[in-house]
2 protein chains.
Amino acid sequence: MARDIILALDAMGGDHGPETVLQGAELARSRVPTTKFLLFGDEARIKPALAKWPKLAEQSEIRHTDKEILGTDKPSQALRRGRDSSMGLAIAAVKAGEADVAVSAGNTGALMAMAKFTLRTKPGIDRPALVSMMPTARGESVMLDLGANTESTSENLVQFAVMGAAFARTVLGLERPRVGLLNIGVEELKGTEQLKEAGQLLRQADVPMEFAGYTEGDRITQGEMDVVVTDGFTGNVALKTAEGTAKLVAELMKRAFKSSIWSKIGYLFARHGLRSLQDHLDPNNHNGAVFLGLNGLVVKSHGGANATGVSTAIGMAIDLASDDILDHIAEDLKDFEGQVGLAEAVGAQ
Amino acid sequence: MARDIILALDAMGGDHGPETVLQGAELARSRVPTTKFLLFGDEARIKPALAKWPKLAEQSEIRHTDKEILGTDKPSQALRRGRDSSMGLAIAAVKAGEADVAVSAGNTGALMAMAKFTLRTKPGIDRPALVSMMPTARGESVMLDLGANTESTSENLVQFAVMGAAFARTVLGLERPRVGLLNIGVEELKGTEQLKEAGQLLRQADVPMEFAGYTEGDRITQGEMDVVVTDGFTGNVALKTAEGTAKLVAELMKRAFKSSIWSKIGYLFARHGLRSLQDHLDPNNHNGAVFLGLNGLVVKSHGGANATGVSTAIGMAIDLASDDILDHIAEDLKDFEGQVGLAEAVGAQ
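The present account deals with the structure reproduced in this document. (Residues numbered from 1 in each chain as written. Chains lettered and ligands numbered in written order. Predicted model: local features only at pLDDT ≥ 70, side-chain atom pairs only at ≥ 80, totals over all residues. Heavy atoms only, no water.)

## A few points about the interface of chain A and chain B
How big an interface is tends to be expressed through the accessible area that disappears when the partners come together.
Step number 1: At the junction of the two partners, chain A supplies 50 residues and chain B supplies 50 residues.
Step number 2: In terms of surface lost to chain B, no three residues of chain A exceed Ile184, Phe233 and Phe269 of chain A, which account for 15% of the buried area on that side.
Step number 3: The interface formed by chain A and chain B holds two salt bridges in total.
Step number 4: With a shortest N-O distance of 2.2 Å, Glu216 of chain B and Lys240 of chain A are connected by a salt bridge.
Step number 5: Summed over the shared surface of chain A and chain B, the number is nine residue pairs in polar contact (both at pLDDT 80 or more).
Step number 6: Those elements that place two or more of their residues in the side of chain A that touches chain B are β5 (129-136), α8 (193-203), α9 (217-220), α10 (232-258) and α11 (261-281) of chain A.
Step number 7: It is α10 of chain A that provides the largest number of residues to the side of chain A that touches chain B, a total of 20 residues.
Step number 8: When grouped by side-chain class, the residues that make up the side of chain A that touches chain B number 24 nonpolar, 20 polar and six charged. (Contact = heavy atoms within 4.5 Å. Buried area = accessible area lost by both parts, 1.4 Å probe. Salt bridge = Lys/Arg side-chain N within 4 Å of Asp/Glu carboxyl O. Polar contact = N/O pair within 3.5 Å; in protein donor to acceptor, adjacent residues only side chain to side chain. Helix = DSSP H or I, 4+ residues; strand = E, 2+ residues; numbered from the N terminus. Nonpolar A, V, L, I, M, F, W, Y, C, P; charged D, E, K, R; others polar.)

See the structure below:
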């Protein structure tokens, strides 16, 4: 963690404007005070907001552009016209080696498309994956792919497992994370051909992870696995379904506490205790999805994140860059490929 | 709803034994008093339990068997050895026309395999689907397939949509249910080829439903759609993820209310209001998954369901049988196929 990180920040992304992004940057900077920032966006809006945070201003350099990617822009439009936008320039700074990692709260589809086009996938990796943290009964788990791809082969899934394990080692600080493949049952015979093949390959794996077989949707939130591996379609649906369900329960709870004078009084008494529940489920405390598998790190912050949320995503970006996660992934994959090659040569059925 | 329903009940299925199953049957009977029951299972256990419910006993006939399917039995074992089990005989009674619908709280895999083998799919339907209700912010939505199949073609998805719409008309009492395909975005270009093809076919559809395009995981619980259509793999993961998330939130809420003397007092005040939240999310109030698409109706009750849960599933079974849902599905599918045939003849691009 000794290396000083230079972070390329898309100051224009997100629903709440540069003020919230910069406030989040200052929060993150106060935790890792050696971090330097390249701020991409409209100088006329960034400068006055930055004036509030003199220390951040000192460690920042504004790179002006008046172009920005809109929430409504399609990935193809972003690719054609977005290179000199705040998002495009932040990614380009990583490509050029000027920054160690880029963070944007802008349009996810556009960010994925531009990151993939500019940075390309790492040797040995066929597809990037979108990785994030999920709150569980035991803390947090890592889950991927959350939607970088629509379909995945068994090889993709194996690469996701290796990337996810490296991610869990860095972000959760685990030596041998437990890794599970998301399936519709835990028996070996369940699931698609891709899953069965991926399971077979991972059972032979000797990289720093414990492959624990299949897991199921209701076990994600139990925290049974440190890393849940799935294809981007299923992962995206599962993530959004979990978000929707948590929101539904919160909404019903709000209605319940408003339903009578007694429950309103009850809320006043229980308020403090309920706070920890809200904190644990607050998406701002789990914010930050990472595109792993590219020649460079790109972190997506949720568009609706508040300053705390932005600082969570920036903090994750700093951790991953400091820990040289991309190098770890490359080593693990090389090890793993060597073993699979060997197994094939020996003659796996 | 004039027809008297004869219901084949697997009295041995479920975690709580015949007593709970029969108590649930009595609850359902008290709501639709004309229902007759064929009770399959161990007479020595059923008889004493039935003695508690004289009216149910009067309207029931016990069909003794000392064989039962265990929770650990594989579908293949059930197929080989389970025909004269309480579950196998209940399904056979539907096949023989002795009963209008079968209900079991036993092993899901075994029930699906035996139902499919014994009843076969209806003409025009390639694959059966597992259908159930999901609690939403607006009430309940229908969702399918929840795991009868591992993979689905576009034709399967279209058939699921037609079946799900018929189900929503019966169970939710809607004339033109809003039907959505579960996807990872709502734009027409999103998703797998199967989804895009299914979307195209459904856009041309003129059956009693409103095809509303794509929907996403976080919109399921908002109740945006009356019917959410997806493949069995994604549906199973989404359902279990929603269950797991609701359980996590409930667990965290319990911890929050126990965290201090103040929150314990708060709970006492709010208890009554929180009851409605619990009721809305209690799986017993949404119990009952139906295998649709076979030549006969089979309803799965959750193994852990209490008597209320069993009565919910039996009530759904009675509604579906009374409404001749299988005939409605057959008619809708015929209509739909006619239109697609026409569209193809006219030359859809």
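Continuing now.
## Topic: the side chain of Asp332 of chain A
All names here are of chain A.
Step number 1: Tracing the backbone through its elements, the reader meets Asp332 in helix α13 (residues 325-346).
Step number 2: On the basis of relative accessible area, Asp332 is assigned to the buried category, the value being 7%.
Step number 3: Residues contacting Asp332, with those up to four places away along its chain left out, are Val162, Ala166, Arg169, Val207 and Pro208. (Buried < 20%, exposed > 50% of the residue type's maximum accessible area, 1.4 Å probe, protein only.)

## Some thoughts on the packing of helix α10 (residues 232-258) of chain B against helix α11 (residues 261-281) of chain B
All names here are of chain B.
Step number 1: Across the interface, α10 lies against α11 with an axial gap of 9 Å and an inter-helix angle of 150°. For the element pair α10 / α11, the angle class is roughly antiparallel. Residues Met253, Ala256, Phe257 and Lys258 of α10 form the contact with α11, whose own contacting residues are Ser263, Lys264, Tyr267, Leu274 and Leu277.
Step number 2: When the residues that make up the contact of α10 with α11 are grouped by side-chain class, the tally is six nonpolar, one polar and two charged. (Axes fitted to C-alpha atoms, helices over the stretch in contact; angles between N-to-C directions. Parallel < 35°, antiparallel > 145°, perpendicular 65-115°, else oblique.)

## With respect to the side chain of Thr65 of chain A
Residues and elements named next belong to chain A.
Step number 1: By the secondary structure assignment, Thr65 is in the loop between β3 (60-64) and α4 (75-81).
Step number 2: When its relative accessible area of 8% is taken as the criterion, Thr65 is described as buried.
Step number 3: When neighbours within four sequence positions are excluded, Thr65 is seen to be in contact with Gly41, Asp42, Asp84, Ser85, Ser86 and Leu89.

## Overview of the relation of the copies chain A and chain B
Step number 1: Each copy superposes on the other: chain A lies on chain B with an RMSD of 0.0 Å after a rotation of 180° and an axial shift of 0.0 Å. The relationship between the two copies is best expressed as a two-fold rotation axis. When each C-alpha of chain A is compared by its distance to the rotation axis, Gly266 of chain A comes out closest, at 1.8 Å.
Step number 2: Looking at chain A, 100% of its interface residues are interface residues in chain B too, so the copies touch through the same face. (Least-squares fit on C-alpha atoms with pLDDT ≥ 70 in both.)

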